[in-house]
Amino acid sequence: MVACLLPLRARRRCVSRSGRDNARGSRPLPALRRAPPAGWLDGPVQFTVTDAPTRERFEARDEAGAVVGFVTYQLTGSIIAYTHTEVDPAYEGKGVGSTLARAVLDDARSKGRTVVPICPFIADWVVKHPEYENIVVRSTRKIK
């Protein structure tokens, strides 16, 4: 696995974790033909996901502490139903939804809960990540 987090344009040499050069060696990579996305120098945004049980939702917060997304749920005994996922439009496409989905499913697994994915986003995310299939109820129908 290559441990190089610099944008492609800035890379001159990538070294693998074993200390060896990558397949291209130390030759410079060709320049990008398109401009890098806006804000690429800012680095990745980190999100913290916490449970807000009084509001019956998990909240994703950015580094400043602002809520940038949430997943609502209904808890009955050991069954948790995820009903809705919402992400602030300014943070769409930055991994907030996936971070929330992974966090809520990991939380359910760690607490021995059975998941009912009513929310279409969570249901689709589980299909793409079969490692969570064993905690998801599959005998439910999607509600339109």
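From a predicted model like this one, the values you see are computed outputs, not experimental measurements.

About the cut-offs
- Residues numbered from 1 in each chain as written.
- Predicted model: local features only at pLDDT ≥ 70, side-chain atom pairs only at ≥ 80, totals over all residues.
- Heavy atoms only, no water.
- Helix = DSSP H or I, 4+ residues; strand = E, 2+ residues; numbered from the N terminus.
- Contact = heavy atoms within 4.5 Å.
- Areas by Shrake-Rupley, 256 points an atom, 1.4 Å probe, with all protein chains shown as cover.
- Salt bridge = Lys/Arg side-chain N within 4 Å of Asp/Glu carboxyl O.
- Buried < 20%, exposed > 50% of the residue type's maximum accessible area, 1.4 Å probe, protein only.
- Core = buried A, V, L, I, M, F, W, Y, C linked by side-chain atoms within 4.5 Å.
- Polar contact = N/O pair within 3.5 Å; in protein donor to acceptor, adjacent residues only side chain to side chain.

**Regarding the overall build of the chain**
Next, step 1: Looking only at helices and strands, the chain features two helices and five strands.
Next, step 2: Along the chain, helices and strands appear, N-terminal first, in the series β-β-β-β-α-β-α.
Next, step 3: Looking at the chain alone, contacts between residues at least 24 apart form 35% of all its contacts between residues at least 6 apart.
Next, step 4: Of the accessible surface of the chain, which amounts to about 9900 Å², a share of 53% is contributed by carbon and sulfur atoms.

**Considering the pattern of salt bridges**
Next, step 1: Under the counting rule described, the total for this entry stands at six salt bridges.
Next, step 2: Of the charged contacts in the structure, one is a salt bridge between Glu59 and Arg61, with a shortest N-O distance of 2.8 Å.
Next, step 3: The exposure class of Glu59 is buried, given its relative accessible area of 3%.
Next, step 4: Assessed through its relative accessible area of 30%, Arg61 is described here as partly exposed.
Next, step 5: A salt bridge links Glu131 to Arg102; the shortest N-O distance between them is 3.8 Å. Placement of Glu131 in the segment after α2 (120–128) and of Arg102 in helix α1 (residues 96–110) is noted, with a sequence separation of 29 residues between them.
Next, step 6: Residue Glu131 is classed as partly exposed on the basis of its relative accessible area, which comes to 41%.

**Structural notes on unusual backbone geometry**
Next, step 1: Phi is positive for Glu56, which is not a glycine, with a value near 55°.
Next, step 2: Secondary-structure assignment places Glu56 in the loop between β1 (48–52) and β2 (57–61).
Next, step 3: Accessibility expressed as a relative area gives 41% for Glu56, which makes it partly exposed.

**Examining the nonpolar core**
Next, step 1: Tyr82, Val96, Val104, Leu105, Val115, Ile122 and Ile135 are the most contacted members of the largest nonpolar core, which totals 24 residues.
Next, step 2: For this core, the secondary-structure elements that each account for two or more residues are β2, β3 (67–76), β4 (79–87), α1 and α2.

**Quick notes on the environment of Arg102**
Next, step 1: Judged by relative accessible area, which is 34%, Arg102 ranks as partly exposed.
Next, step 2: In this structure the C-alpha to C-alpha distance between Arg102 and Val126, which are 24 residues apart in sequence, comes to 9.1 Å.
Next, step 3: Setting aside its immediate chain neighbours within four residues, Arg102 contacts Trp125, His129, Glu131 and Tyr132.
Next, step 4: Looking at Arg102, its side chain comes within polar contact range of the side chain of Tyr132, at 3.4 Å.

**Notes on the side chain of Arg113**
Next, step 1: By the element assignment, Arg113 lies in the loop between α1 and β5 (114–117).
Next, step 2: Overall, Arg113 belongs to the buried group, its relative accessible area being 17%.
Next, step 3: The residues touching Arg113, leaving out its near neighbours within four places in the chain, are Leu75, Ser78, Ile80, Asp107, Ala108 and Ile135.

**Quick word on the environment of Ala103**
Next, step 1: Take Ala103: it is sitting in helix α1.
Next, step 2: Given the relative accessible area of 25%, Ala103 is considered partly exposed.
Next, step 3: Through-space distance from the C-alpha of Ala103 to that of Val49 is 6.8 Å; in sequence the pair is 54 residues apart.

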